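Each chain, letter by letter, is given below.
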Amino acid sequence: MNPAFLHPTPCIDADHPSVVAQARALAEEAGSTQDLVRRCFEFVRDEIRHSSDHRLNPVTCTASDVLRERTGFCYAKSHLLAALLRANGVPAGLCYQRLSMADSGQGAPYGLHGLNAVWLAEFGWVRLDARGNKPGLSTEFRPPAVSLAYTAREPQERDLPEIWAEPLPVVREVLQGATRFEDVLARLPDLELLT
């Protein structure tokens with residue numbers, strides 16, 4: 001296992017006192033590693049409001065900011081989930097989907113959706129999507145099954161297979177360069193597909 005998936009980073013600040021305290025609180029009643037991961041996942045999914053759904057400011061990026069403000073875009077929520085898991089000694093990384101952001105759900109513009117991968121000894125890497133439930137979108141913790149908010153359906157959409165230890169630079173740049181949630185919506189991070 002690459003130790004980078006256990007270490008804090010500037011965005012996944014798993015060593016921040018507030019993140020450590022929340023991670024310990026979530027671990028207190030956990031009966032197993034899977035139960036701990038489920039508790040962390042459900043906390044981020046249900047207790048941290050999605051900035052766009054709820055039209056909330058400020059724009060957050062670091063795990064500790066997301067925890068303090070109780071809001072974040074999918075990317076920021078994935079930073080918090082990774083930090084809570086790493087603070088509890090569970091390897092966690094970041095994953096992305098490239099999806100159509102058009103009102104019709106097809107074609108340009110495209111943008112990234114952020115989610116997580118967690119290492120579970122029984123199953124290996126399992127993807128988790130703590131984006132937050134709302135009418136028409138729901139995710140659950142059911143390893144080894146994968147429950148994602150969105151499905152890539154067209155050629156320019158993709159479930160990117162990589163697992164990153166740190167956020168993609170384009171994600172950091174957008175979140176750190178925005179002051180209002182509308183700023184993020186106006187320039188959602190994206191990657192050009194090579195194939």
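Coordinates for the structure precede this section.
Residues numbered from 1 in each chain as written. Predicted model: local features only at pLDDT ≥ 70, side-chain atom pairs only at ≥ 80, totals over all residues. Heavy atoms only, no water.

(A) Just the environment of Leu120, in detail. For Leu120, the location among the structural elements is in strand 4 (residues 110–120). Judged by its relative accessible area of 1%, Leu120 falls in the buried class. C-alpha of Leu120 to C-alpha of Pro144: the two residues are 24 residues apart in sequence and 9.1 Å apart in space. In this view, Leu120 contacts Thr33, Gln34, Val37, Val126, Phe141 and Pro143; residues no more than four positions away in its chain are not counted. (Helix = DSSP H or I, 4+ residues; strand = E, 2+ residues; numbered from the N terminus. Buried < 20%, exposed > 50% of the residue type's maximum accessible area, 1.4 Å probe, protein only. Contact = heavy atoms within 4.5 Å.)

(B) The arrangement of the packing of helix 1 (residues 17–27) against helix 5 (residues 74–87) in detail. Across the interface, helix 1 lies against helix 5 with an axial gap of 9 Å and an inter-helix angle of 70 degrees. One element, helix 1, and the other, helix 5, form an angle in the roughly perpendicular class. As helix 1 packs across helix 5, the resulting crossing turns out to be right-handed. Each of Val19, Gln22, Ala23 and Leu26 in helix 1 lies in contact with helix 5, whose residues at this interface are Ala83, Leu84 and Ala87. Of the residues belonging to the contact of helix 1 with helix 5, the class tally is six nonpolar, one polar and no charged. (Axes fitted to C-alpha atoms, helices over the stretch in contact; angles between N-to-C directions. Parallel < 35°, antiparallel > 145°, perpendicular 65-115°, else oblique. Left-handed = near helix turned anticlockwise from the far one by under 90°. Nonpolar A, V, L, I, M, F, W, Y, C, P; charged D, E, K, R; others polar.)

(C) View of helix 6 (residues 169–176). Buried within helix 6 are the following residues: Val171, Val174 and Leu175. All buried residues of helix 6 fall inside an arc of 95 degrees around its axis, so they share one side. Looking at helix 6, the residues exposed on the side facing more than 90 degrees away from the buried face are Glu173 and Gln176. Packed against the buried residues of helix 6 are helix 5, strand 3 (92–100), strand 4 and helix 7 (181–186). (Arc of directions from axis to C-beta.)

(D) Structural detail: the side chain of Thr71. On the secondary structure map, Thr71 appears in strand 2 (residues 71–72). Setting aside residues up to four positions removed in sequence, Thr71 forms contacts with Ile48, Arg49, His50, Ser51, Leu56, Pro58, Thr60 and Val66.

(E) Region of interest: the pairing of strand 3. Burial analysis of strand 3 places nine of its nine residues in the buried class, which makes it a mostly covered element. On strand 3, burial covers both faces: Ala92, Leu94, Tyr96, Arg98 and Ser100 on one face and Gly93, Cys95, Gln97 and Leu99 on the other are all buried. Pairing of strand 3 with strand 4, which is carried by nine bridges, proceeds in the antiparallel orientation. Each residue of the ladder has a partner; that of Tyr96, found in strand 4, is Gly114. (Pairing = 2+ DSSP bridges.)

(F) Spotlight on the nonpolar core. In this structure, Leu80, Leu84 and Leu175 are the most contacted members of the largest nonpolar core, which totals 48 residues. Here this core gets nine residues from one element, more than from any other, and that element is helix 5. Not counting residues within four places of it along the chain, the set of residues in contact with Leu175 comprises Val59, Thr60, Cys61, Phe73, Tyr75, Ala76, His79 and Val184. (Core = buried A, V, L, I, M, F, W, Y, C linked by side-chain atoms within 4.5 Å.)

(G) A look at the pattern of salt bridges. As enumerated under the stated definition, the model contains 11 salt bridges in all. Salt-bridge contacts for Asp65 lead to Arg68; the nearest nitrogen and oxygen are separated by 2.9 Å. In this pair, Asp65 and Arg68 are both assigned in helix 4 (residues 63–69), three residues apart and thus about one turn of the helix distant. Given a relative accessible area of 25%, Asp65 falls into the partly exposed group. A salt bridge links Glu182 to Arg180; the nearest nitrogen and oxygen atoms lie 3.5 Å apart. Residues joined by salt bridges that share partners form a network here, namely Asp35, Arg38 and Glu42. (Salt bridge = Lys/Arg side-chain N within 4 Å of Asp/Glu carboxyl O.)

(H) A look at the side chain of Thr60. Among the secondary structure elements, Thr60 is positioned in the loop between helix 3 (51–54) and helix 4. In terms of polar contacts, Thr60 uses its side chain to reach the backbone carbonyl oxygen of Thr71, at 2.8 Å. In this structure, Thr60 is in contact with Asp65, Val66, Glu69, Thr71, Gly72, Ala76 and Leu175, ignoring residues within four places of it in sequence. (Polar contact = N/O pair within 3.5 Å; in protein donor to acceptor, adjacent residues only side chain to side chain.)

(I) Fine view of the pairing of strand 5 (residues 124–128). Across the five residues of strand 5, four count as buried, placing the element largely inside the fold. Bridge count for strand 4 against strand 5 is five bridges, and the pairing is antiparallel. Within strand 5, the position partnered with Leu120 by the bridge is Gly124. Counted between consecutive antiparallel strands, the loop separating strand 4 from strand 5 contains three residues.

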